[in-house]
Amino acid sequence: MRDNHVRLPHGDRLRDVSPVLVAHGTRNPHGVNVIAEIAEAVSARIGVTRTAFVDVLGPTPSEVIADLDRPAVLVPAFLASGYHVRKDIPEHVALAGRSDTVVTRALGPDPSIAAVARLRLAEAGWEPGDAVVLAAAGSSDSSACGQVYLAARQLESLIGGRVEVGFIATAQPSVPEAVACARRTGRRVVIASYLLAPGLFHQRLETYGADAVAAPLGPDPRIVDLIVTRMRAAISPYRRTPA
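As annotated in an unreviewed UniProt entry, the protein chain carries the name Sirohydrochlorin chelatase and is attributed to Gordonia amicalis.

In structure tokens, the structure reads:
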């Protein structure tokens, strides 16, 4: 049911869909709260936005969309299009039997995410001249890893210095290897967390020997704007390819 406190203008196509934010899932209660905060902020903009998780927690995307009274628009709350985006989410849509479901692009990479990452670096004590490592979850999908390198280039354009890439799991180089590489410059090393919310992966970053670790991206207004933008683009009548 649409939130009665949000009045979208007549003709706004978001009036006709049910937004769903799909995240990975974590046992960290603070991480769960961050996803809830993001969903609440999106709800305040466009109406009730549900949440679903592809791992660890429920409900799953198939459970959420199966009984909706209008087509769902799913936003993968992932910073690259890896296994969960390319395989898990489409399988959940098929399982629900809802062929009217639209799936948007993943959130990242995007210049607005780079802007939030720069803010988190500054909050962690980064200063121009420090060496930076962008730490991402990692994926067996080479194209997803390539998207992380693009995210690093976007961050470089904002901080004016090279950004090394390290992966927390699966892919190479690992974050400790990237930190060691950055350390050879003789400068302080700060890790930029390419993660949306706190959880096990972010906890690991504190153990990798950097001088400082930035917080995850979190419920920044630019993240909320990006989610709404992804939705609008996916249901636009001018979209050239199916979502």
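Trainee: What is the right way to look at the layout of surface pockets in this model?
Mentor: A probe as big as a water molecule, rolled over the atoms, marks out the empty space that is left. Here the largest pocket defines a volume of roughly 960 Å³. Looking at the largest pocket, it is lined by 38 residues, and the ones nearest its centre are His-24, Phe-78, Ala-137, Leu-195 and Phe-201. Counting only elements with at least two residues in the lining of the largest pocket, the list comes to helix 1 (29-46), helix 3 (83-96), helix 5 (142-159) and helix 7 (200-205). Of the residues belonging to the lining of the largest pocket, the class tally is 24 nonpolar, 13 polar and 1 charged.

Trainee: Before we go on, may I ask you to explain the nonpolar core in this structure?
Mentor: Among soluble globular proteins, nonpolar side chains are generally buried collectively. Ranked by size, the top nonpolar core spans 53 residues in total, and within it Leu-121, Leu-134, Leu-155 and Ile-227 carry the most contacts. No other element matches helix 8 (residues 221-235), which puts 8 residues into this core. Non-local contacts of Leu-134, meaning those with residues more than four positions away in its chain, are made with Val-148, Ala-151, Ala-152, Leu-155, Val-163, Glu-164, Val-165, Gly-166, Ala-192 and Tyr-194.

Trainee: Help me understand the packing of helix 1 against helix 8 in this model?
Mentor: Relative orientation of the contacting elements helix 1 and helix 8 amounts to 60 degrees, with a least axis distance of 9 Å. Overall, the two elements helix 1 and helix 8 adopt an arrangement that is oblique. In this structure, helix 1 crosses over helix 8, and the sense of that crossing is right-handed. Note on element contacts: helix 8 touches helix 1 through Val-224, Asp-225, Ile-227, Val-228, Met-231 and Arg-232, opposite Ile-38, Ala-41, Val-42, Arg-45 and Ile-46. Residue classes in the contact of helix 1 with helix 8 are distributed as 8 nonpolar, no polar and 3 charged.

Trainee: Even after reading the chapter, I still don't get the sheet that holds strand 4 (residues 102-103), so can you show me in this structure?
Mentor: Backbone hydrogen bonds hold the strands of a sheet together, and the pairing may be parallel or antiparallel. Judged by pairing direction, the sheet is parallel, and its 4 strands sit side by side in the order 2-1-3-4 without closing on themselves. Where the open sheet ends on each side, the last strands, each with one partner, are strand 2 (50-53) and strand 4. For strand 3 (residues 72-76) and strand 4, the ladder comprises 2 bridges, and the chain directions are parallel. Looking across to strand 4, one finds that Val-73 is bridged to Val-102.

Trainee: Mind showing me how you'd approach the pattern of salt bridges here?
Mentor: Pairing is possible between side chains that carry opposite charge, provided their charged atoms lie close to one another. Going through the model one piece at a time under the given rule, you end up with 14 salt bridges. For the salt bridge of Glu-91 with Lys-87, the shortest nitrogen-to-oxygen distance reads 2.7 Å. Taken together, the residues span about one helical turn, with Glu-91 and Lys-87 both in helix 3 at a distance of 4 residues. Residue classification places Lys-87 among the partly exposed residues on the basis of a relative accessible area of 35%. Among the ionic pairs, Asp-100 bridges to Arg-98, the shortest N-O distance being 3.1 Å. In this structure, a network of salt bridges that share partners links the residues Arg-120, Glu-123, Asp-220 and Arg-222.

Trainee: Can you walk me through the sheet that holds strand 5 (residues 131-136) in this structure?
Mentor: As summarised here, the arrangement of the 4 strands in space is 6-5-7-8, forming an open sheet in which the pairing is parallel. Unpaired on one side and paired on the other, strand 6 (163-167) and strand 8 (212-213) mark the two borders of the sheet. Of the strands in this sheet, strand 5, strand 6 and strand 7 (189-194) are in contact with helix 5, which crosses strand 6 at around 150 degrees.

So, how was this worked out
- Residues numbered from 1 in each chain as written.
- Predicted model: local features only at pLDDT ≥ 70, side-chain atom pairs only at ≥ 80, totals over all residues.
- Heavy atoms only, no water.
- 1 Å grid on protein atoms, 1.4 Å probe; cavity = no way out; pocket = protein on both sides within 12 Å on 5 of 7 lines; lining within 4 Å.
- Points joined across faces, edges and corners; volume = space filled by probe spheres on them.
- Helix = DSSP H or I, 4+ residues; strand = E, 2+ residues; numbered from the N terminus.
- Nonpolar A, V, L, I, M, F, W, Y, C, P; charged D, E, K, R; others polar.
- Core = buried A, V, L, I, M, F, W, Y, C linked by side-chain atoms within 4.5 Å.
- Buried < 20%, exposed > 50% of the residue type's maximum accessible area, 1.4 Å probe, protein only.
- Contact = heavy atoms within 4.5 Å.
- Axes fitted to C-alpha atoms, helices over the stretch in contact; angles between N-to-C directions.
- Parallel < 35°, antiparallel > 145°, perpendicular 65-115°, else oblique.
- Left-handed = near helix turned anticlockwise from the far one by under 90°.
- Pairing = 2+ DSSP bridges.
- Salt bridge = Lys/Arg side-chain N within 4 Å of Asp/Glu carboxyl O.

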